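As a plain string of letters, each chain reads:
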Amino acid sequence: MAIALPAVPKLRVENVTVRYNGKPAVRDVSIDIRAHDVLALIGPSGCGKSSFLRSLNRMIETIESASVEGRVLLDGEDVYGPDADVVVVRQRIGMVFQRSNPFAKSIFENVAYGLRIQGVRDKRLVEERVERSLQKAALWDEVKDRLHTSGLELSGGQQQRLCIARALAVEPEVLLMDEPASALDPIATAKIEELVKELRSSLSVVIVTHNMQQAARVSQRTAFFHMGRLVEEGDTRTIFSKPRVKETEDYVSGRFG
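Residues numbered from 1 in each chain as written. Predicted model: local features only at pLDDT ≥ 70, side-chain atom pairs only at ≥ 80, totals over all residues. Heavy atoms only, no water.

## Observations regarding the pattern of salt bridges
A side chain of one charge can pair with a side chain of the opposite charge if their charged atoms are brought near each other.
Next up, step 1: Evaluation of the coordinates by the stated rule reveals 21 salt bridges.
Next up, step 2: We note a salt bridge from Arg92 to Asp75, for which the minimum N-O separation is 3.1 Å. Placement of Arg92 in helix 2 (residues 86-92) and of Asp75 in the loop between strand 4 (66-74) and strand 5 (77-78) is noted, with a sequence separation of 17 residues between them.
Next up, step 3: As a salt-bridge pair, Asp235 and Arg237 come within 3.7 Å of each other at their nearest N and O atoms.
Next up, step 4: Among the residues examined, Asp235 registers a relative accessible area of 26% and is labelled partly exposed.
Next up, step 5: Through salt bridges that share partners, Lys10, Asp75, Arg92 and Glu173 make up one connected network. (Salt bridge = Lys/Arg side-chain N within 4 Å of Asp/Glu carboxyl O. Helix = DSSP H or I, 4+ residues; strand = E, 2+ residues; numbered from the N terminus. Buried < 20%, exposed > 50% of the residue type's maximum accessible area, 1.4 Å probe, protein only.)

What follows is the structure, given as structure tokens:
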């Protein structure tokens with residue numbers, strides 16, 4: 001009888017420490033991120049969640065004072081390795097920020113931006129990828145008749161989904177989301193949450209959220225951070241119902257944070 005081998009994680013984080021001006025903000029974090037899972041990162045403000053998230057695709061390097069130690073393995077290859085191309089890393093591991101940041105371009109060109117940067121010149125391919133990305137972001141039906149109007153004319157929730165479509169257009173394998181619904185109303189938030197659930201069929205998602213109900217709704221696994229440390233990680237239902245660590249229990253029960 002064949003022996004089932006353990007699944008190789010999509011991302012394996014090994015002993016990652018993030019420092020700003022030499023002061024640690026994230027301390028020696030190791031965690032596996034599975035393919036086609038949503039991992040929620042929870043914890044109080046200033047606990048290192050966003051710094052950790054940005055270390056996964058080297059966006060942390062855009063902050064001059066930041067430095068990273070440790071390894072982040074994407075399909076077994078270190079994204080910080082000497083042969084790693086940061087442009088390719090950020091293509092494979094996309095990111096959506098807390099506040100929507102559409103460009104002062106048309107809806108179409110916002111989504112096509114990454115493809116243009118990659119040098120894609122095939123007009124039909126660009127059109128197909130834009131349409132598919134807007135469909136995946138649950139925005140196509142709302143904008144298909146005004147693709148050449150400015151993305152800045154969209155509502156806040158639509159702008160955030162436009163930014164998600166822009167990230168999806170280059171076909172990432174992992175999508176990082178830093179509190180993508182924190183500035184949105186409940187209706188727009190519900191659309192983002194539904195979108196996150198659907199996206200895991202085609203990629204892995206890591207989402208930072210202060211909203212523990214949101215983490216419980218959208219994720220399969222949850223990681224609790226406190227003071228730069230990864231305190232506990234596991235099945236979302238277990239983290240919220242029977243955490244192993246008292247610190248986690250105190251946070252998810254509302255006793256602190």
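## Describing the environment of Ile239
Next up, step 1: Within the secondary structure, Ile239 is located in helix 9 (residues 236-241).
Next up, step 2: For Ile239, a relative accessible area of 1% gives the class buried.
Next up, step 3: Between the C-alpha atom of Ile239 and that of Thr222, which follows or precedes it by 17 residues, the distance is 6.8 Å.
Next up, step 4: With near-sequence residues (within four places) excluded, Ile239 lies in contact with Thr222, Glu232, Glu233, Gly234, Thr248 and Val252. (Contact = heavy atoms within 4.5 Å.)

## Concerning the sheet that holds strand 3 (residues 38-42)
Where strands meet in a sheet, backbone hydrogen bonds hold them as pairs that are either parallel or antiparallel.
Next up, step 1: One open sheet holds the 6 strands; their spatial order is 6-7-8-3-9-10, and the pairing between them is mixed. Edge positions in the sheet fall to strand 6 (93-96) and strand 10 (229-235), since each of these pairs with one other strand and no more. The sheet shows a mean angle of 15° between the axes of neighbouring strands, taken without regard to direction.
Next up, step 2: Here strand 7 (residues 174-178) runs beside strand 8 (residues 204-208); their pairing, made up of 5 bridges, is parallel. Note on strand 8: the bridge partner recorded for Met177 is Ile207.
Next up, step 3: Lying over the sheet, helix 6 (residues 156-168) contacts strand 6 and strand 7, oriented at roughly 170° with respect to strand 6. (Pairing = 2+ DSSP bridges. Axes fitted to C-alpha atoms, helices over the stretch in contact; angles between N-to-C directions.)

## Remarks on the packing of aromatic side chains
Next up, step 1: Taken as a whole, this structure holds 3 aromatic pairs when the rule is applied.
Next up, step 2: Aromatic side chains Phe52 and Phe225 sit 5.3 Å apart centroid to centroid with 40° between the ring planes, which places their arrangement in the tilted category. Linking Phe52 in helix 1 (residues 49-55) with Phe225 in strand 9 (residues 221-226), this pair joins segments that are 173 residues apart in sequence.
Next up, step 3: According to the relative accessible area criterion, Phe52 is buried, its value standing at 0%.
Next up, step 4: Residue class for Phe225 comes out buried when judged on its relative accessible area of 0%.
Next up, step 5: Between Phe224 and Tyr251, the ring centres sit 5.0 Å apart and the planes meet at 25°, which makes this aromatic pair stacked. In this pair, Phe224 sits in strand 9 while Tyr251 sits in helix 10 (residues 246-252), placing the two residues 27 residues apart along the sequence.
Next up, step 6: Take Phe224: its relative accessible area is 0%, and that puts it in the buried class.
Next up, step 7: Over the aromatic face of Phe103 sits the side chain of Arg166, whose NZ or CZ is 4.1 Å from the ring centroid. (Phe/Tyr/Trp six-rings, centres within 6.5 Å; stacked < 30°, edge-to-face > 60°. Lys NZ or Arg CZ within 6 Å of the ring centre and 35° of its normal.)

## Section: helix 7 (residues 186-199)
Next up, step 1: When the terminal C-alpha atoms of helix 7 are compared, their 20 Å separation across 14 residues agrees well with the 20 Å that a helix rising 1.5 Å per residue should span.
Next up, step 2: Listed as buried for helix 7 are Ala188, Thr189, Ile192, Glu193, Leu195, Val196 and Leu199. Seen end-on, helix 7 carries its buried residues on one side only, within an arc spanning 160°. Residues of helix 7 that are exposed and angled more than 90 degrees away from the buried face: Pro186 and Ile187.
Next up, step 3: The inward-facing, buried residues of helix 7 abut strand 3, helix 4 (123-136), helix 6, strand 7, strand 8 and helix 8 (212-218).
Next up, step 4: Sitting at the amino-terminal end of helix 7 is Asp185, which places a side-chain oxygen 3.0 Å from the backbone nitrogen of Ile187. (Expected span 1.5 Å × (residues − 1). Arc of directions from axis to C-beta. Polar contact = N/O pair within 3.5 Å; in protein donor to acceptor, adjacent residues only side chain to side chain.)

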